[in-house]
Amino acid sequence: MSAISQGEADRVLHLKSREREAHACYPCRKRKVKCDGGRPCHTCQKRKHPDICTYALSHSRRRSASRHSVARSASPRSPAVASNERARPDDRSKDYVYSGDNSVVSILRLRASDANESVAREVGSVLGLRNTFSNYPFMNSKTPLERWKALLTVMPQRSEVLKFFHFYRVTAYPFNPILADIDRFEFDLCTYLNAHASGELHDPENITDRWATDKSIGHVSLLLATLAAGAHYSDTEYLERLELSTDFARRSFHALRLANFLFRPSLDIIQALLILGNTLQNIGQSDAAWALLGTTIRLAQTMGLHTERSTVHWPEQVRMKARNLWSTIVWQDSLLCLCYDRPPIVSVTGWSLASSFFERQDLSFAEVMHFLCRISLDIMRPETLSVAELDRALEGLQRLDDIHQRGLPYLRSRENCITLQQHLEHLALRMHTSFCVSVFCRPAMKQSTPQSFHPHAGILRARAKGSLIDASKAFLDFQALSTVPLRSWSMVHTVLSSTLLLCIWEETRNDPECRNLQQRVIDVFSSSNSRTNDDGASFSESDSQWLSDRHIRALVTLRSALEREQETGTTEMDNWVGMASNVPQFGPGPVGYMDMPDPFDVSPVTYLDSIMNLPMFDYTQENGFL
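Residues numbered from 1 in each chain as written. Predicted model: local features only at pLDDT ≥ 70, side-chain atom pairs only at ≥ 80, totals over all residues. Heavy atoms only, no water.

### Notes on the pattern of salt bridges
Applying the stated criterion to the full structure yields 23 salt bridges. Residue Asp-401 is joined to Arg-463 by a salt bridge in which the shortest nitrogen-to-oxygen separation is 3.2 Å. Here the residue Asp-401 occupies a position in helix H16 (residues 386–405), and Arg-463 occupies one in helix H20 (residues 457–481), the gap between them amounting to 62 residues. Classification of Arg-463 by relative accessible area gives partly exposed; the value is 29%. Connected via shared salt-bridge partners are Glu-160, Asp-247, Arg-250 and Arg-251. (Salt bridge = Lys/Arg side-chain N within 4 Å of Asp/Glu carboxyl O. Helix = DSSP H or I, 4+ residues; strand = E, 2+ residues; numbered from the N terminus. Buried < 20%, exposed > 50% of the residue type's maximum accessible area, 1.4 Å probe, protein only.)

Take a look at the structure:
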């Protein structure tokens, strides 16, 4: 059996205490019962914890070791690590239940003496701050053999790994590097492929111990999540690609349940959830991704990933992995919050940046993106008056400009790009940066006479116009070189929101350059959803993406309404009403759907849904059960 910590064994024994029955493995010695010497023994199987049946742990219970076990069960700040765990230090994450310094758990732990350290160990459960179930609650309980058989049904085949991981590694990962240690992951991937080739993962009646632990199953879930993302970016036809990606995601989530992800989160499980959420976004299910991200963040906080203090005694390798992983979580949350104009739930104050970071030059794409997301979170903090918003926007722009100038030369100017990857990273950063600039400048865009509100509002409006144009240009250049922008939700949202604002803002809607960009963007999406190109030739369906025909028609309708306004000279208010009445009808809408929102008071995606007459939720149906 695989080695486990004494703290883990103690916890499971406490949760599964039953009538004593049978000697020699650690759980039987601990409970002072007989043991038949099996691996696992009959007693451990009967008590449904064969995963902790081990003969490797010492029976000694020195008080110092006991105190470390108590600290480990109460907080991730304990330095205790069994020597046989150090080959895979991130296994320790499953023992962590983070509690802040001011919590009762931490206070009692720090003051625990020899007489009451057992109270400190159990106080979390007493106060209702620890799980009382040992298994994932929303599925039927399984014996070890049943769980093994269920795992084999979702494990990826060798052919699947060889075909789709490549697409994740080359196409998805560089622009969204969720894996905190890609080298270690690829090492583990080779181990998995060798085990699969040797037949370890083929026999449903013979449990392979090293692949049946929660940790290993969590890793399988992570592998399946990368395959789901890889399938989405693969060169298969659209319908097959969608089916494959969805199937890998389903299997990944089933492996998460088998790994007890709600009760026993690990670094692999957090990464799997992040990749699954990003995949949901990319297939057009961004609201589901938003909800899943909330769960992911809470699990990460349970492990203490949000604060450096909780990792001070972790091995340096694991600390760096935890830091990178939390930065990735911040990346995901900040971009979603910017798109939806919703408050973030992550914090960047728990991890301090090294002073050398603020002086370094030649930052990589990922480093610039991480810092850009930190700036975005600062901008989205508590709202103030209109003038204060403009001041905060100016400060944010200055910080964005500073971090952009410290990027690698090819990130600053496309003239310095040599390789294809450099071109792609440059264009991706331009899109993200332009989107952030446009969000920062939206308070100034809402002012019709900027000079009377703020002396620098005109500068902000000019930056806003430039960012909207640059985002559209970067997207058009990017999609000419790669399928990434057409299959990445954040990039599709960026260009659509930019095109939408170019359509409706009085400073850009009549600009010939802006109107030309609008037409080119609409043409790209229109052609990617049709089977023929402009010349009437057959068009490959493999370039299709989740953007529906309704979205395209809504954009076209909006542009047409603005063209009529220019021709007839109707007022702005009349124009909003005209757009509402001319939007194609796709079904009944809720009461009041004709009331068009101010496009600058809501996120562009919300405004686009409003002119489509397709609200996400119909609250008029909430009054009745049926």
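So, next bit.
### Considering unusual backbone geometry
For residues that are not glycine, phi is negative in most cases, and the peptide bond is trans in most cases. Of note in the backbone geometry, Asn-260 takes a positive phi value of approximately 55 degrees without being a glycine. Considering the arrangement of structural elements, one finds Asn-260 in the loop between helix H11 (238–258) and helix H12 (267–282). We classify Asn-260 as buried; its relative accessible area is 5%. Within the chain, Asp-341 stands out as a residue other than glycine whose phi angle is a positive 55 degrees. Mapped onto the secondary structure, Asp-341 falls in the loop between helix H14 (316–340) and helix H15 (365–379). Residue Asp-341 is classed as exposed on the basis of its relative accessible area, which comes to 55%.

### Observations concerning H14
The first and last C-alpha atoms of H14 sit 36 Å apart over 25 residues, in line with the 36 Å expected at 1.5 Å per residue. Across the 25 residues that make up H14, a large majority, 19, are buried. (Expected span 1.5 Å × (residues − 1).)

### Focus: the packing of H14 against helix H18 (residues 420–440)
With their axes 11 Å apart at the nearest point, H14 and H18 run at an angle of 50 degrees to one another. With respect to H18, the element H14 is oriented oblique. Crossing handedness for the pair H14 and H18: left-handed. Between H14 and H18, the residues in contact are Leu-335, Leu-338 and Cys-339 and His-432, Phe-435, Cys-436 and Val-439, respectively. A breakdown of the residues in the contact of H14 with H18 according to their chemical character gives six nonpolar, one polar and no charged. (Axes fitted to C-alpha atoms, helices over the stretch in contact; angles between N-to-C directions. Parallel < 35°, antiparallel > 145°, perpendicular 65-115°, else oblique. Left-handed = near helix turned anticlockwise from the far one by under 90°. Contact = heavy atoms within 4.5 Å. Nonpolar A, V, L, I, M, F, W, Y, C, P; charged D, E, K, R; others polar.)

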